[in-house]
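Summary of structural features
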There are 2 protein chains.
Amino acid sequence: MASRETIGPHPTRIEILKSAAAAFRRLGYHGATVEQIAAALHMKKGNLYYYFHNKEEILFACHQYSLERLMGLLHEVEQSGLAPDVKVRRLIVAGVHTILDELHGTALFLDLEALSPAHLKTIIAGRDQFDQGLRRLLEEGVKAGVFDRGDIKLRSFAMLGALNWIPRWYDPDGPATSQEIADRFADYLIAGLRVHEA
Amino acid sequence: MASRETIGPHPTRIEILKSAAAAFRRLGYHGATVEQIAAALHMKKGNLYYYFHNKEEILFACHQYSLERLMGLLHEVEQSGLAPDVKVRRLIVAGVHTILDELHGTALFLDLEALSPAHLKTIIAGRDQFDQGLRRLLEEGVKAGVFDRGDIKLRSFAMLGALNWIPRWYDPDGPATSQEIADRFADYLIAGLRVHEA
DNA sequence: ACGTTAGTTGAACGAACGTTCAAGTTCAAC
DNA sequence: GTTGAACTTGAACGTTCGTTCAACTAACGT
């Protein structure tokens with residue numbers, strides 16, 4: 001007796017999240033309609049309410065999914081025992097791939113302001129955890145002498161901004177593959193961190 | 001006989017644009033209502049239609065204003081005759097100040113997808129011009145031997161991403177002033193461009 | 001064959017919002 | 001004081017969209 005409860009997340013739920021994420025990214029939360037999200041899956045809009053209580057819950061689930069994936073990457077890197085600069089490179093490269101290839105650019109772009117206060121609090125907290133994880137890596141690099149001293153917070157914001165902005169210009173059919181973007185971004189963002197000869 | 005035509009843009013139009021920009025930034029284009037934009041100015045929503053044909057025209061005007069300001073900075077820098085790395089620093093510092101202090105974080109964040117096809121084309125074209133201006137500065141630096149060879153396009157996207165993301169985390173009452181952000185961002189983003197000893 | 005459960009549908013609702021407009025107000029010029 | 005243009009208002013309209021729900025179908029164990 002394998003019930004839905006024991007067997008894990010409902011496959012249809014995930015399909016809905018994918019469709020919603022794509023719609024939200026293209027049109028924004030308010031710009032995308034429940035009907036569009038459903039139509040992309042050959043469903044009727046009423047049907048989505050069998051799987052979610054309301055539109056906002058769908059948005060929240062999208063946010064959570066993205067955050068979970070990125071936090072997973074962070075923990076992998078943190079426990080890898082690699083050198084600090086290699087850790088940061090791994091995180092950037094894996095992060096770009098996750099955002100572009102798996103989340104299709106929907107990572108952290110979704111409207112926050114449309115979330116309910118409780119959900120917003122949860123997502124902000126998760127985002128802060130990721131930020132602070134990145135900062136720990138940078139501090140590690142500073143202590144190891146490979147990264148320059150300086151405001152870690154602002155540099156981490158700059159790095160996250162560069163990454164989060166990628167979906168705004170990325171074209172899957174364009175000249176740059178996600179692999180190239182990942183590598184060149186890692187090159188550039190890490191080069192700015194390194195100690196430069198006085 | 002100073003008519004509205006000869007005296008320049010209507011002051012009320014500008015007030016509306018400011019209010020709209022603030023609302024769009026907080027809530028997104030679809031999330032912000034015409035009534036809210038008007039209420040912030042102690043106006044009734046119907047009144048806005050005396051100054052603009054519709055909501056989309058307001059969004060377009062916001063985009064245009066931001067673009068004009070940033071293009072102005074670009075041209076100033078381009079004609080300054082300074083060294084390439086100093087030019088880039090000037091552009092970053094002035095850009096951060098413009099985005100935070102003058103545009104109040106509304107620069108390039110506004111929804112593009114809500115624009116009409118014709119307006120969208122105009123804004124995209126303007127944005128491309130800015131991108132290409134930045135790339136010209138980078139190429140100049142490469143030719144002068146102060147910037148590292150490498151993919152200029154991707155590095156310019158990384159820089160613009162870092163800058164455009166600032167409004168997402170900036171808190172006017174927070175610890176970092178716009179001056180500090182401008183300086184530290186310039187430090188970091190330019191450090192990653194410089195040639196590093198082989 | 002029957003019953004149960006899971007999933008789907010179409011129609012309807014109520015609220016919110018962009019837009020219109022005729023009527024109203026203000027005020028400077030004559 | 002009258003006129004007329006600039007500007008404002010409140011109410012109304014038409015649409016769209018999120019949400020609900022009772023009825024319907026499909027699949028499957030017994």
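Going by the structure above, here's the rest.
Remember, it's a predicted structure, so these values are computed and weren't measured experimentally.

Section: the protein's contact with DNA strand C
Surrounding DNA strand C, one finds 15 residues, the nearest of these being A:His10, A:Tyr50, A:Tyr51, B:Tyr49 and B:Lys55. Residue A:Asn47 places a side-chain N or O atom 3.1 Å away from a sugar or linking oxygen belonging to DNA strand C. B:Tyr49 has a polar side-chain atom sitting 2.7 Å from a phosphate oxygen of DNA strand C. Only helix 3 (45-51) of chain A together with helix 3 (45-51) of chain B provide two or more residues apiece to the surface near DNA strand C. The element best represented in the surface near DNA strand C is helix 3 of chain A, accounting for 4 residues.

Some remarks on the protein's contact with DNA strand D
What surrounds DNA strand D is a group of 15 residues, the closest being A:Val34, A:Tyr49, A:Lys55, B:His10 and B:Tyr51. Considering the 4 Å shell around the protein, atoms of DNA strand D inside it are sugar or phosphate in 71% of instances. Within the contact set of DNA strand D, a phosphate oxygen lies 2.7 Å away from a side-chain nitrogen or oxygen of A:Tyr49. Those elements that provide at least two residues to the surface near DNA strand D are helix 3 of chain A together with helix 3 of chain B.

A look at the interface of chain B and chain A
Each side of the interface is counted separately: chain B has 34 residues, and chain A has 34 residues. Surface buried jointly by chain B and chain A totals about 2800 Å² across both partners, of which 70% is contributed by carbon and sulfur atoms. Looking at the side of chain B facing chain A, the largest losses of area belong to B:Leu154, B:Trp165 and B:Tyr188, adding up to 27% of the total buried there. Taken together, the links from chain B to chain A amount to 0 salt bridges.

Notes on the packing of aromatic side chains
What the rule picks out here adds up to 8 aromatic pairs over all chains. Judged by centre distance (5.1 Å) and plane angle (85 degrees), the ring pair of B:Tyr50 and B:Tyr51 falls under edge-to-face. A relative accessible area of 67% means that B:Tyr50 is categorised as exposed. Residue B:Tyr51 is classed as buried on the basis of its relative accessible area, which comes to 17%. Linked through ring pairs, A:Phe157, B:Trp169 and B:Phe185 together constitute an aromatic cluster. When the ring centre of A:Tyr29 is taken as origin, the NZ or CZ atom of A:Lys55, which lies over that ring, is 4.5 Å away.

Some details on helix 8 (residues 178-191) of chain B
In this model helix 8 of chain B runs 20 Å from its N-terminal to its C-terminal C-alpha over 14 residues, within 8% of the 20 Å that 1.5 Å per residue would give. Taken as a whole, helix 8 of chain B has its buried residues at B:Ser178, B:Ile181, B:Ala182, B:Phe185, B:Ala186, B:Tyr188, B:Leu189, B:Ile190 and B:Ala191. Where the residues of helix 8 of chain B are buried, they touch helix 7 (152-169) and helix 8 (178-191) of chain A together with helix 5 (84-102) and helix 7 (152-169) of chain B.

Quick word on the nonpolar core
Counting 84 residues, the largest nonpolar core has A:Ile92, A:Phe185, B:Ile92 and B:Phe185 as the members making the most contacts within it. Contacts of B:Phe185, omitting those with residues within four sequence positions, involve A:Leu154, A:Phe157, A:Ala158, B:Ile92, B:Ala162, B:Leu163, B:Ile166 and B:Trp169.

Observations concerning the pattern of salt bridges
Taken as a whole, this structure holds 16 salt bridges over all chains when the rule is applied. Linking A:Arg69 and A:Glu102 is a salt bridge whose minimum nitrogen-to-oxygen distance equals 2.6 Å. Here A:Glu102 lies in helix 5 (residues 84-102) and A:Arg69 lies in helix 4 (residues 55-78), a separation of 33 residues in the sequence. A relative accessible area of 28% places A:Arg69 in the partly exposed class. Look at A:Glu102 and you get partly exposed, because its relative accessible area is 31%. Ionic pairing is found between B:Arg13 and B:Glu57, a salt bridge with its closest N-O pair at 3.9 Å. Residue B:Arg13 is found in helix 1 (residues 11-27), and its partner B:Glu57 is found in helix 4 (residues 55-78); the two are separated by 44 residues along the sequence. Of the residues examined, B:Arg13 reaches a relative accessible area of 29% and is grouped as partly exposed.

What counts and how
Residues numbered from 1 in each chain as written. Chains lettered and ligands numbered in written order. Predicted model: local features only at pLDDT ≥ 70, side-chain atom pairs only at ≥ 80, totals over all residues. Heavy atoms only, no water. Near = heavy atom within 4 Å. Polar contact = N/O pair within 3.5 Å; in protein donor to acceptor, adjacent residues only side chain to side chain. Helix = DSSP H or I, 4+ residues; strand = E, 2+ residues; numbered from the N terminus. Contact = heavy atoms within 4.5 Å. Buried area = accessible area lost by both parts, 1.4 Å probe. Salt bridge = Lys/Arg side-chain N within 4 Å of Asp/Glu carboxyl O. Phe/Tyr/Trp six-rings, centres within 6.5 Å; stacked < 30°, edge-to-face > 60°. Buried < 20%, exposed > 50% of the residue type's maximum accessible area, 1.4 Å probe, protein only. Lys NZ or Arg CZ within 6 Å of the ring centre and 35° of its normal. Expected span 1.5 Å × (residues − 1). Core = buried A, V, L, I, M, F, W, Y, C linked by side-chain atoms within 4.5 Å.

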